[in-house]
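# Examination of the molecular architecture
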Amino acid sequence: MSAPSPVERLVARVLLWGGLLSVSLILAGLVFYAIAGHPNAREIVRVVHNRDVGRSVDVFASLGDVRRALAQRPPDPLAITALGLVCLLATPAVGVAAALVAFWRAGDRLYAGISAGVLGMLVLGFALAAGG
Amino acid sequence: MSPLEFVAALFATSLAAGGAGAVLGLGGGILLIPILTLFYGVDLHYAMGASIVSVIATSSGAAAAYLRTSLSNIRIGLFLALATVAGALVGAALAGVVPTRALQLLLGLALAYSTVATLRQLRLELPEVGEADPLAMRFGLEGSYYDAALDRDVKYRATRVRLGFAAMFGAGLLSGLLGIGSGAFKVLAMDHFMRLPMKVSTATSNFMIGITSAASAGVYFSRGDIHPLLAAPVAVGVLVGAAGGTRLMSRLRNTTVRKIFLPVLGWLAVSMILRGLGIGLP
């Protein structure tokens, strides 16, 4: 039977734990939201159905938005969910970074370079998105 | 529908989308966006934001399992990701410049041809290991996996690497231009052009779609298109569904995966042609 290489094992572990961390934060946020009596739930669902009726206060469009909502006392439960979603969106890039490190450690310079190329383009994509 | 019912229904739908996506190498966007907009009445922008979350959740959930069983080939995935991510960045830069409808029509026709080609090789369990492609040798684009359905190790090697790389650039270009995950095109490129086993194609596509979508995820997030109350049940449902899909996939034959893939391909061809002709679909 084919055994996974150390690189495959490491990247698989990063993707698995990235997914689990994300789900834990997402669920924790939803549970706190339910405990808090799911404030504005009907209003939020109305906005989900029609974005033009006005932007929901619970949409986070930057890491700053998430950080500010988490810093509130008590913290906005949906900000915890949004943090989980950010972790999820970042997981593939972290997986590629892990592949870069693992290939480099294994002495596979060719694939360390390819991983670096993919990661570089992802970072460029994030930078372009941040720049508007 | 009450907010709680809405979240529960979304979770159940996403569970199914994640399972299907894990087997077929798709992020589920082509299924999820029409369902969210048509059946749940969700705003298209939020549906597309949820779709990006769904693609990355499917990829993380499925690829973690497929890498451990060597069904996803990390070298092939990263090598081809160079083309798809570059294509996605170029596509995003060209969005609004290229005539999208003409492109969709051309693409739909190409997919219709691919549907017929897939139909012809419906009973092909495994492709023959082709002549050594110098690029495949140079970049180590080969591998083996234990096929539980066949109860043996299967060895494979990529062929026509240039063609596959070019097709992957095209798949990335479409992702950037049209805002789709383009998992189906990745599977086609690996199955048709590079002649990889169908299960390796869908599993490696699962690894790749997360990387390609990550390139554009920041854009959706900064536009405020990722709504937590909508994206949360989608993410959790898809992750759990994808984990179930990977268990199912290990027991399926390559021919079965291809048979399930065929109607999805046909639907994609029809929807692209209709969009190209200006007949509105979500």
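Predicted model, so just to flag it, every value in this text is computed and none were measured.

Across its full length, chain A carries five helices and zero strands. When each of the 132 residues of chain A is scored for burial, the buried share is 46%. Once local pairs closer than 6 in sequence are excluded, the contacts in chain A between residues at least 24 apart make up 49%. Total accessible area computed for chain A in this model is approximately 6,700 Å², and 67% of it derives from carbon and sulfur atoms.

Quick look at the pattern of salt bridges now. Residues and elements named next belong to chain B. For the coordinates displayed, the defined rule picks out six salt bridges over all chains. One salt bridge connects Arg 157 with Glu 142, and the closest N-O pair in it is separated by 3.3 Å. Of this pair, Arg 157 sits in strand β2 (residues 152–157) while Glu 142 sits in strand β1 (residues 142–147), placing them 15 residues apart in sequence. Owing to a relative accessible area of 22%, Arg 157 belongs among the partly exposed residues under this scheme. With its nearest N and O atoms 2.9 Å apart, the salt bridge here joins Asp 191 to Arg 258.

With that settled, the discussion passes to the interface of chain A and chain B. Listed as interface residues are 57 residues of chain A and, on the opposing side, 60 residues of chain B. Roughly 5,000 Å² of surface becomes buried between chain A and chain B when both sides are summed, with 75% attributable to carbon and sulfur atoms. Connecting chain A to chain B are one salt bridge. Two residues, Asp 108 of chain A and Arg 75 of chain B, come together in a salt bridge whose shortest N-O distance is 2.6 Å. Run the count over chain A and chain B and you get two residue pairs in polar contact (both at pLDDT 80 or more). Those elements that provide at least two residues to the side of chain A that touches chain B are α1 (6–35), α2 (41–49), α3 (63–71), α4 (77–105) and α5 (109–130) of chain A. Taken together, the residues that form the side of chain A that touches chain B break down as 41 nonpolar, 11 polar and five charged.

A cluster of nonpolar residues, Val 90, Leu 94, Val 97 and Phe 169 of chain B, forms a patch on the protein surface that exposes about 310 Å² of accessible area. Structurally, the position occupied by Phe 169 of chain B is in helix α7 (residues 161–178).

All names here are of chain B. For helix α2 (residues 29–39), the complete set of buried residues consists of Gly 29, Leu 32, Ile 33, Pro 34, Leu 36 and Thr 37. Those residues of α2 that are buried are in contact with α1 (3–24), α3 (44–68) and α10 (228–251). Looking one or two residues past α2, Gly 41 carries a phi angle of roughly 65 degrees, positive in sign.

With that out of the way, let us pick up unusual backbone geometry. Residues Arg 73 of chain A and Pro 74 of chain A are joined by a peptide bond in cis, for which omega reads -5 degrees. Along the chain, Pro 74 of chain A falls in the loop between α3 and α4. Here the phi dihedral of Asp 151 of chain B falls at roughly 55 degrees; this positive angle occurs in a residue that is not glycine. Tracing the chain through its elements places Asp 151 of chain B in the loop between β1 and β2. With a phi close to 40 degrees, Arg 160 of chain B is a non-glycine residue in the positive phi region.

Here the focus is the layout of surface pockets. One number sums up the size of the second largest pocket: a volume of about 600 Å³. What lines the second largest pocket is a set of 29 residues, and nearest its centre among them are Ala 65, Tyr 66, Arg 68, Ala 243 and Thr 246 of chain B. Listing elements by their share of the lining of the second largest pocket, those giving two or more residues are α1 of chain A together with α3, β1 and α10 of chain B. Of the residues forming the lining of the second largest pocket, the biggest block, seven residues, is contributed by α10 of chain B. Here the residues of the lining of the second largest pocket are counted per class, giving 17 nonpolar, eight polar and four charged.

This part covers α7 of chain B. Here α7 of chain B is 18 residues long and its end C-alpha atoms lie 25 Å apart, about the 26 Å a rise of 1.5 Å per residue gives. Burial in α7 of chain B covers these residues: Val 161, Gly 164, Met 168, Ala 171, Gly 172, Leu 174, Ser 175, Leu 177 and Leu 178 of chain B.

A few words on the side chain of Thr 115 of chain B. Along the chain, the position of Thr 115 of chain B falls in helix α5 (residues 100–120). The residues contacting Thr 115 of chain B, other than those within four sequence positions of it, are Leu 262, Leu 265, Gly 266 and Ala 269 of chain B.

It is worth spelling out the environment of Tyr 40 of chain B at this point. Residues and elements named next belong to chain B. Along the chain, Tyr 40 falls in the loop between α2 and α3. Taking relative accessible area as the criterion, Tyr 40 reaches 15% and is therefore assigned buried. Distance in space between the C-alpha atoms of Tyr 40 and Pro 3 is 12 Å, their sequence separation being 37 residues. From its side chain, Tyr 40 meets the backbone oxygen of Ala 9 in a polar contact 3.3 Å long.

Before going further, it helps to examine the environment of Leu 36 of chain B. Within the secondary structure, Leu 36 of chain B sits in helix α2. Along the sequence, Leu 36 of chain B and Ala 47 of chain B sit 11 residues apart, while their C-alpha atoms lie 6.1 Å from each other.

Calculation notes
Residues numbered from 1 in each chain as written. Chains lettered and ligands numbered in written order. Predicted model: local features only at pLDDT ≥ 70, side-chain atom pairs only at ≥ 80, totals over all residues. Heavy atoms only, no water. Helix = DSSP H or I, 4+ residues; strand = E, 2+ residues; numbered from the N terminus. Buried < 20%, exposed > 50% of the residue type's maximum accessible area, 1.4 Å probe, protein only. Contact = heavy atoms within 4.5 Å. Areas by Shrake-Rupley, 256 points an atom, 1.4 Å probe, with all protein chains shown as cover. Salt bridge = Lys/Arg side-chain N within 4 Å of Asp/Glu carboxyl O. Buried area = accessible area lost by both parts, 1.4 Å probe. Polar contact = N/O pair within 3.5 Å; in protein donor to acceptor, adjacent residues only side chain to side chain. Nonpolar A, V, L, I, M, F, W, Y, C, P; charged D, E, K, R; others polar. Patch = residues over 30% accessible without salt bridge, like charges linked within 9 Å, V, L, I, M, F, W, Y side chains within 5 Å. 1 Å grid on protein atoms, 1.4 Å probe; cavity = no way out; pocket = protein on both sides within 12 Å on 5 of 7 lines; lining within 4 Å. Points joined across faces, edges and corners; volume = space filled by probe spheres on them. Expected span 1.5 Å × (residues − 1).

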